[in-house]
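# Geometric and topological summary
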Amino acid sequence: MSTDYKFQGWLGLDPESVKGKMVWKEYEPKPFEETDVDIKITHCGVCGSDLHTLRSGWYPADYPVCVGHEIVGHAVRVGSKVKDIKVGDRVGVGAQAGACMNQKGDCEACADGLQQHCPHLVGTYNSKWPDGSKSYGGYADYWRGSSDFVIPIPDGIPSDEAAPMLCGGITAFSPLTQHGAGPGKRVGIIGIGGLGHFGILGAKALGCSKIVAISRTSTKKADALKMGADDFIATDEDEDWATKHAGTLDIIVSTVSSPKMPLQQYLQLLRLQGKFVQVGAPEDVVPPINMFALISKRVSIAGSLIGSPQEIKDMLKLFVEKGVHTWNNNVPMKDANKVVVDMDAGKARYRYVLVNESNA
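Residues numbered from 1 in each chain as written. Predicted model: local features only at pLDDT ≥ 70, side-chain atom pairs only at ≥ 80, totals over all residues. Heavy atoms only, no water.

### Focus: helix α4 (residues 194-205)
In this model, α4 (12 residues) spans 17 Å end to end at C-alpha, consistent with the 16 Å of a helix rising 1.5 Å per residue. Summarising burial for α4: 11 of the 12 residues are buried, a large majority. Among all positions of α4, only G194, L195, G196, H197, F198, G199, I200, L201, G202, A203 and A205 are buried. (Helix = DSSP H or I, 4+ residues; strand = E, 2+ residues; numbered from the N terminus. Expected span 1.5 Å × (residues − 1). Buried < 20%, exposed > 50% of the residue type's maximum accessible area, 1.4 Å probe, protein only.)

### Brief notes about the packing of aromatic side chains
Throughout the structure, instances matching the rule amount to 10 aromatic pairs. Judged by centre distance (4.3 Å) and plane angle (20°), the ring pair of Y27 and Y136 falls under stacked. Note that Y27 is positioned in the loop between β2 (23-26) and β3 (36-45) and Y136 in the loop between β9 (134-135) and β10 (142-146), a separation of 109 residues in sequence. Taking the relative accessible area as the measure of exposure, Y27 reaches 8% and is therefore buried. Classification of Y136 by relative accessible area gives buried; the value is 13%. Among the aromatic residues, those joined into a ring-pair cluster are Y5, F7, Y27, Y136 and Y142. Here the guanidinium or amino end of K30 rests over the ring plane of W129, the centre of that ring lying 5.0 Å away. (Phe/Tyr/Trp six-rings, centres within 6.5 Å; stacked < 30°, edge-to-face > 60°. Lys NZ or Arg CZ within 6 Å of the ring centre and 35° of its normal.)

### What to know about empty space enclosed by the protein
Per the counting criterion, the structure on display carries 3 cavities of 30 Å³ or more. Here the largest cavity defines a volume of roughly 70 Å³. Lining the largest cavity are G94, A95, Q96, F149, I151, L166, I170, I306, G307, P309 and I312. For the lining of the largest cavity, the elements supplying multiple residues, two or more each, are α3 (159-178) and α9 (309-322). Of the residues contributing to the lining of the largest cavity, the split by class is 8 nonpolar, 3 polar and no charged. The computed volume of the second largest cavity comes to approximately 50 Å³. Lining the second largest cavity, in full, are F7, Y27, P29, K30, T124, W129, K134, S135, Y136, Y142, W143 and R144. For the lining of the second largest cavity, the secondary structure elements donating two or more residues are β9 and β10. (1 Å grid on protein atoms, 1.4 Å probe; cavity = no way out; pocket = protein on both sides within 12 Å on 5 of 7 lines; lining within 4 Å. Points joined across faces, edges and corners; volume = space filled by probe spheres on them. Nonpolar A, V, L, I, M, F, W, Y, C, P; charged D, E, K, R; others polar.)

Spelled out as structure tokens, the structure:
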């Protein structure tokens, strides 16, 4: 079946593309399979991962690369083997586009519903499909990929607010549910940016008894309190903050991507058997710690990676019920280069969303 639309989008050709030098070009998507869905993109959130990838920060990018993995639009082509999605449905896809789904019976992650940890994970962009073709992301007109990771968007969430939830939202929300956040739990969120603001919103929706926002300065304090935080720690401004707040939190979710974090002091904030969960991914190693920070209170350090399709569906359902709204700024898709530069400069409050006006 041929299509009457072209796959074209903003392509990064080299590490300089992160400086606003992406180019709009046509590209060849993966061959269509009967388990695939084509999405006509109306909105795409801008994630920190996009910048890391454009500049080859984590590892060399497979240029040309089209970033963007917070995609919302409408299904315009649906394979014959796809269930629960039909042409015209409003759908989205996050940071993962494929996994083995335990087809060979030997993948523990997929068998346990943790597809985001599958060793055969296919990223929504800068990755390879099993046939060797490249995956391309959402700074584009159309996206093609496996229906297993295409999520129906509930009616109660506008498309521009839903898009950032599909990566940023679930990345901050999943570790909260993994570690029992809810009534009676005291939660700290480190980094009040795109991920961190979802951490506060998610903890509030889960009914946590206390939410503490943690940032270097107090410039975002008023916003954090409006989002639902009960207290705020400014680590560069509050004298002896680690001592004053020691042993007060059950769970800390760290969203920061800077390796210069005061990890030893963060661990002081945890109570007995507290959990420190890192979701931000620095491009360099983090500072060392004294092991007594773990031993003395039976504290654990953990990591978390995005979330499974079912976790995303559960999160969206809760966000509809609790009236959670993304704090986002919408920008035309044609201005993607400027947005990338502004994002790198820390100007987002708190998620940029590209609006594909030709498709909206």
